Amino acid sequence: MRLGAGRHVRKGEGTPPVKSGASPSLKGTFSADFTASIVVFLVALPLCIGVAAASGVNVALGIVTGIVGGLIVGFLPGSSLQVSGPAAGLAVLVLEFVTHHGVALLGPVVLISGLLQIGLGMLRMGRIFQSISVSVVQGMLAGIGVPLILSQIYALVDTPQLGTALKNIAGLPNLAADVLADRQKLLALSLGVMALALCFLWKKVPAPLSKVPAPLVAVILGAGIAALPVFDINKVSFDNMLKAIDFVGPSALGNVIDPAVITMIITFTVIASAESLFSAAAVDRMHTGPRTKYNAELVSQGVGNTICGFLGALPMTAVIVRSAANVQAGAKTKVSRILHGFWLLAFGLLLPGLLGLIPMTVLAGILLHAGWKLFNPPAFVQMWKTDRGEGLVMFITTLAIVVANLLEGVLAGLAVAVILTALRMSKMTIRKTVDGDSARLELSGNATFLRLPRLIDALESISDKSRVCVDATKISHLDLACLSQIEEWADQRRKAGAEEIEILLPGDKAAREAEEARNSQGPDSPDDPDSTDGPGSGTLGEPVAAGLDRPVPAGVPGQGPARPHAPDSEPVYQHSAGPGHPVHGGSHPRQHQHPQPHQHGPGHNNTRPVHPQPHHAQPATHLPHPGHSQPHLTQGYVPPQGYIPPQGYVTPQGYVRPAGPPPQTPPAPAYGQQGYDRPVGEGGQWRPDDGRGSQPFGEGTRR
């Protein structure tokens, strides 16, 4: 029965019925996803236009890539909150490729890159990109950001860039002179700087206004200012979006058989995959929803690039700027990124004229901000402080990308990272001991070919000794180069007439047996004469045989010989009262040590000084210990005439006090009058004025 449908359920209780055709989860998250989609659209629109302009292609192709990222990739599995579109990190690569090979060949290259991504994802290679060193990744992002910044500096003043990053750096002095001589370039520079400042400072604006994306504010404000008559600057040139699409045919695929084109395909595949998966890892840290499935995400990105390539559009990656905006806007499901693609499609079809009002210098300022975030100079300082080796890898990766190209720079960074790791994993400690004509060389750590020169120097330093032992049993890894060097050196020394050359290698059976033999010789060994567990050592409740041949003094006349308690120099015996013996007014059993000698009464016919234990039968009578204020009570003992028990003390039946007062003996120097004293510090000493030993357990109780 549906909850709430029964007649005993009152109105307002239970779960309200769900309207047919509506999903409860979709109903609960749609409003948040709808709002987030608007925010992502406003962030993505200027970025799509700016990346396309920086790539040297029709700006409509940037919007087409954004639409595919929303309406196609948005439905696919992988990451639920990550947003895909044209990436600023690939703008420099695309511009370089288009300049040398033309726009017509861009589609086939992107299409084949997408197919390779699908293959990598199906082969479950997505996790491999996570094994790349962090320093290489950050160096790669910085290497993408520096050329992007240099190229957009020229776009900031409506001037074409010169080409590579090095050429752009070399042309900066002439660019500055041209800007100072041209009034319109100064005006364009002012608009670009305004857009750049808004992107950096907009987050400090009060909350209601700061919800609007900074790039959108820069575009609207820049378009309004550029509409003034005084401005004569370049603006976005936007044709019909459908006319900008150039479908790739089979004939175009035949032109990719070129080493330079194949290199670009590999570069697009690696960089787009790495940037997408790194962005996915960053987005996962921003929310608590479902985690990214990296192999599925790689397949999804491949599908998107395959479609973008077929349409002749820009390559696509997951973009951290849009993804972060999506999460921060409160998106819950994939609906937000799907709707953002729908808004891009509607804008490109219905309002294309508005794009012609946007100044190019404003888009350059927005991309300058994106390039600076990729460059991230504070990351170099932080990496250097954290690990100088990793900081060096990061710097080399960035420098190699700027000087050469993206693919070669990444490979150079990976090579340096591998060498650094090998050096750190090849730490080897050599300890040399020389005694006359004998020498011993102990090796520990990892002996690899990188440490071969040090090993050779150590071996040569003991070549003049006739008896040598090279102990390599503590080596964790011994590669073939070091092993061959040790064996060759040993053979040469034997041929030279050395008396004894002993080589102990990791895993040698003899070395293991010798080590086990050394470990078995310890203070607790049964064969060790100093062992405390061997013969002659006593345990709790067991007497020591020493001193048993002492003469037994005469006891009380008519009662047989008395048995003395062991003196202080003899081992300590334990004496226990049975559970039925009330001791000093208490009913608990007590266990104590006799510090003073005393005599046992009649009933002790044995001549061996064996004291009763808790598991032994108690004697018939027992004289009181001289150091105690109360006598020991046993069954059948008759108290003497005139005996007055202490307050609260119940005299057992049959108790008889012996004739005469009990002997008074002063306590031993190491004992207090009320029992053991508390320990002082760590020395374990007791003071006579402490009565804690007698309060909870009774007088004389051993604690």
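To keep things clear, this report deals only with the structure shown in the data block. (Residues numbered from 1 in each chain as written. Predicted model: local features only at pLDDT ≥ 70, side-chain atom pairs only at ≥ 80, totals over all residues. Heavy atoms only, no water.)

Regarding the side chain of Thr-306
Turning to step 1, where the next piece is worked out: Turning to its location among the elements, Thr-306 is positioned in helix H14 (residues 294-311).
Turning to step 2, where the next piece is worked out: With relative accessibility at 17%, the residue Thr-306 sits in the buried group.
Turning to step 3, where the next piece is worked out: A distance of 3.5 Å separates a polar side-chain atom of Thr-306 from the backbone nitrogen of Leu-115.
Turning to step 4, where the next piece is worked out: Those residues in contact with Thr-306 that sit more than four places away from it in its chain are Leu-111, Gly-114, Leu-115 and Ile-118. (Helix = DSSP H or I, 4+ residues; strand = E, 2+ residues; numbered from the N terminus. Buried < 20%, exposed > 50% of the residue type's maximum accessible area, 1.4 Å probe, protein only. Polar contact = N/O pair within 3.5 Å; in protein donor to acceptor, adjacent residues only side chain to side chain. Contact = heavy atoms within 4.5 Å.)

Describing the pairing of strand S4 (residues 438-447)
Turning to step 1, where the next piece is worked out: In this structure, strand S3 (residues 428-435) lies alongside S4, joined through eight bridges in antiparallel fashion. Each residue of the ladder has a partner; that of Asp-435, found in S4, is Ser-438.
Turning to step 2, where the next piece is worked out: Once S3 ends, the chain turns through two residues before running back antiparallel as S4, passing Gly-436 with a positive phi of about 65°.
Turning to step 3, where the next piece is worked out: The pairing of S4 with strand S5 (residues 467-478) spans nine bridges and is classified as parallel. Residue pairing in the sheet places Ala-439 in a bridge with Val-468 of S5.
Turning to step 4, where the next piece is worked out: Handedness of the crossover joining S4 and S5 through helix H21 (residues 452-460) is recorded here as right-handed. (Pairing = 2+ DSSP bridges. Right-handed = clockwise from strand over helix to strand, strands pointing away.)

Brief notes about the packing of aromatic side chains
Turning to step 1, where the next piece is worked out: A complete count under the given rule lists seven aromatic pairs for this structure.
Turning to step 2, where the next piece is worked out: With 5.9 Å between their ring centres and 85° between their planes, Trp-372 and Phe-375 make a pair best called edge-to-face. Residue Trp-372 and its partner Phe-375 are located together in helix H17 (residues 360-375), separated by three residues, close to a single helical turn.
Turning to step 3, where the next piece is worked out: Classification of Trp-372 as partly exposed rests on a relative accessible area of 43%.
Turning to step 4, where the next piece is worked out: On the basis of relative accessibility, which here comes to 22%, the residue Phe-375 falls in the partly exposed class.
Turning to step 5, where the next piece is worked out: Cluster of aromatic residues (ring-pair linked, three or more members): Phe-30, Phe-34, Phe-342 and Trp-343. (Phe/Tyr/Trp six-rings, centres within 6.5 Å; stacked < 30°, edge-to-face > 60°.)

A word on H14
Turning to step 1, where the next piece is worked out: Here H14 is 18 residues long and its end C-alpha atoms lie 26 Å apart, about the 26 Å a rise of 1.5 Å per residue gives.
Turning to step 2, where the next piece is worked out: Of all the 18 residues making up H14, 13 are buried; the element is thus mostly covered by neighbouring parts of the structure.
Turning to step 3, where the next piece is worked out: The positive-phi residue at the C-terminal boundary of H14 is Gly-312, with phi of around 75°. (Expected span 1.5 Å × (residues − 1).)

Structural notes on the packing of helix H18 (residues 377-386) against helix H19 (residues 388-403)
Turning to step 1, where the next piece is worked out: Where H18 contacts H19, the two axes come as close as 5 Å, and the packing angle between them is 145°. In the packing of H18 onto H19, the handedness of the crossing is left-handed. Two secondary-structure elements touch here, H18 through Ala-379, Phe-380, Met-383, Trp-384 and Thr-386 and H19 through Arg-388, Glu-390, Gly-391, Leu-392, Met-394, Phe-395 and Thr-398.
Turning to step 2, where the next piece is worked out: A breakdown of the residues in the contact of H18 with H19 according to their chemical character gives seven nonpolar, three polar and two charged. (Axes fitted to C-alpha atoms, helices over the stretch in contact; angles between N-to-C directions. Left-handed = near helix turned anticlockwise from the far one by under 90°. Nonpolar A, V, L, I, M, F, W, Y, C, P; charged D, E, K, R; others polar.)

What about the pattern of salt bridges?
Turning to step 1, where the next piece is worked out: The final tally for this structure, using the stated rule, is five salt bridges.
Turning to step 2, where the next piece is worked out: The residue Asp-471 makes a salt bridge to Arg-440 at a minimum N-O spacing of 2.8 Å. Of this pair, Asp-471 sits in strand S5 while Arg-440 sits in strand S4, and the two are 31 residues apart along the sequence.
Turning to step 3, where the next piece is worked out: Among the residues examined, Arg-440 registers a relative accessible area of 30% and is labelled partly exposed. (Salt bridge = Lys/Arg side-chain N within 4 Å of Asp/Glu carboxyl O.)

Points about the packing of helix H2 (residues 59-71) against H14
Turning to step 1, where the next piece is worked out: Axis separation between H2 and H14 bottoms out at 10 Å; the angle between their running directions is 145°. Where H2 crosses over H14, the handedness of that crossing is right-handed. Contacts between H2 and H14 pair Val-64, Thr-65 and Val-68 from the former with Gly-304, Ile-307, Cys-308 and Leu-311 from the latter.
Turning to step 2, where the next piece is worked out: Class assignment of the residues belonging to the contact of H2 with H14 gives a composition of five nonpolar, two polar and no charged.

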